[in-house]
Amino acid sequence: MLTKLTKIQARPDLVDEVYQNLLDAISAGTLPPGARITQEEIAEQMNVSRSPVLQALRLLKKDGLIQDAPGRGVLIAGMDPQWIGNLYQVRGALDALAARLAAAQKIDLGPGIIAAGRRAARSGDVKTMIDADIAFHTAIYRASGNPLIFETTQLHWVHLRRVMGAALQSAGQRESIWDEHEGIARAIAAGQVELAGQLSEQHAEFARRNLLERLGEVLNAPQVASGSRPGARPR
């Protein structure tokens, strides 16, 4: 289960890198919901001591991405469809607001970001595709001129990464996502404020519906204990 984790060169502070490595594996589906992992396995695969692994696992648990396992180790948390639906509703509203604000200024995101996204889609590498998707939306958040939009999305970005990864595991979604992105970018550059907002809302809604329809099959999510909400960010 852990054969695809990347070895890390020894350095004094490795917690962030161990955390990011595990987050990438969870988002890309290399560590799927229900997978059991232990500190010892992670430390061996990444060539680090157990101390940064323990701290990284604590951060992932705080994020709601892992949960205690019966006996030894931890489990990759499942994903709650209702919570994901709520998350996408909020994301859709923020994306639409950012797109409208950017369109009001006729911001040209440039062809490079779309070209990079299409290359990522053709690569078949889920992490590369997630990074390209995040880069596109982050560009719009920053172009909006409202820093609170970007800051608000960061509250749940680890979960958005994971949801993106689940959607991108379906090859059929990869090119169409960038067709939608290109349409949004063109509307923003042309100053079509309402169209940019509408396309952004539709993009989030299509993603939400497609993912929820396929969630059980794609993620093979296990049943979770009553009262818990894997995927939710604890407060």
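Procedures and definitions
- Residues numbered from 1 in each chain as written.
- Predicted model: local features only at pLDDT ≥ 70, side-chain atom pairs only at ≥ 80, totals over all residues.
- Heavy atoms only, no water.
- Salt bridge = Lys/Arg side-chain N within 4 Å of Asp/Glu carboxyl O.
- Helix = DSSP H or I, 4+ residues; strand = E, 2+ residues; numbered from the N terminus.
- Buried < 20%, exposed > 50% of the residue type's maximum accessible area, 1.4 Å probe, protein only.
- Expected span 1.5 Å × (residues − 1).
- Contact = heavy atoms within 4.5 Å.
- Phe/Tyr/Trp six-rings, centres within 6.5 Å; stacked < 30°, edge-to-face > 60°.
- Lys NZ or Arg CZ within 6 Å of the ring centre and 35° of its normal.
- Pairing = 2+ DSSP bridges.
- pLDDT = per-residue confidence, 0-100.

(A) Focus on the pattern of salt bridges. Applying the stated rule across the entire model yields 14 salt bridges. A salt bridge links arginine 72 to glutamate 40; the nearest nitrogen and oxygen atoms lie 3.2 Å apart. Residue arginine 72 is located in the loop between strand 2 (66-68) and strand 3 (74-76), and its partner glutamate 40 is located in helix 2 (residues 39-46); the two are separated by 32 residues in the primary sequence. Exposure remark for arginine 72: the relative accessible area of 54% places this residue in the exposed category. Taking the shortest distance from any N to any O, the salt bridge between arginine 118 and glutamate 182 comes out at 2.7 Å. Taken together, the residues arginine 118 in helix 5 (residues 111-123) and glutamate 182 in helix 9 (residues 171-189) connect sequence positions 64 residues apart. Judged by its relative accessible area of 18%, arginine 118 falls in the buried class. On the accessibility criterion, glutamate 182 (23% relative accessible area) is partly exposed.

(B) A look at helix 1 (residues 15-28). Across its 14 residues, helix 1 extends 20 Å between first and last C-alpha, which sits within 8% of the 20 Å expected from 1.5 Å per residue. Burial of helix 1 is extensive: 11 of the 14 residues sit out of reach of the surface. Buried residues of helix 1: Val15, Val18, Tyr19, Asn21, Leu22, Leu23, Asp24, Ala25, Ile26, Ser27 and Ala28, and no others. Looking at the buried residues of helix 1, the elements they touch are helix 2, helix 3 (50-63), strand 2, strand 3, helix 6 (126-143) and helix 8 (157-168). Immediately beyond the C-terminal end of helix 1, within one or two residues, lies glycine 29, with a positive phi of roughly 90°.

(C) Here's a closer look at the packing of aromatic side chains. Summed over the entire model, instances satisfying the criterion amount to 2 aromatic pairs. For the pair phenylalanine 136 and tryptophan 178, a centre-to-centre distance of 5.8 Å together with 75° between the ring planes defines the contact as edge-to-face. A residue pair is termed long-range when its members are at least 10 positions apart, and phenylalanine 136 in helix 6 and tryptophan 178 in helix 9 qualify at 42 residues. Neither residue differs from the other here; phenylalanine 136 and tryptophan 178 are each classed as buried. Between the NZ or CZ atom of arginine 142 and the centre of the ring of phenylalanine 150, over which it lies, the distance is 4.1 Å.

(D) View of the side chain of arginine 161. One can find arginine 161 in helix 8. Sequence-distant contacts of arginine 161, defined by excluding residues within four places in its chain, comprise Gln20, Leu23, Asp24, Ser27, Ile130, Asp131 and Ile134.

(E) The arrangement of the sheet that holds strand 3 in detail. Here 3 strands make up an open sheet; going across it, the order is 1-3-2 and the pairing antiparallel. Strands with a single pairing partner mark the edges of an open sheet, and in this sheet they are strand 1 (36-37) and strand 2. Here strand 2 pairs with strand 3 via 3 bridges, running antiparallel. Paired with isoleucine 66 across the two strands is isoleucine 76, which belongs to strand 3.

(F) Quick peek at the confidence of the model for the protein. For the protein, the mean per-residue pLDDT works out to 86, and 85% of the residues sit at or above 70. Per-element mean pLDDT across the protein ranges from 84 in helix 10 (residues 193-219) up to 95 in helix 5. Ignoring residues within four places in sequence, the model shows residues 219-235, a span with pLDDT below 50, making 40 contacts including any to other chains.

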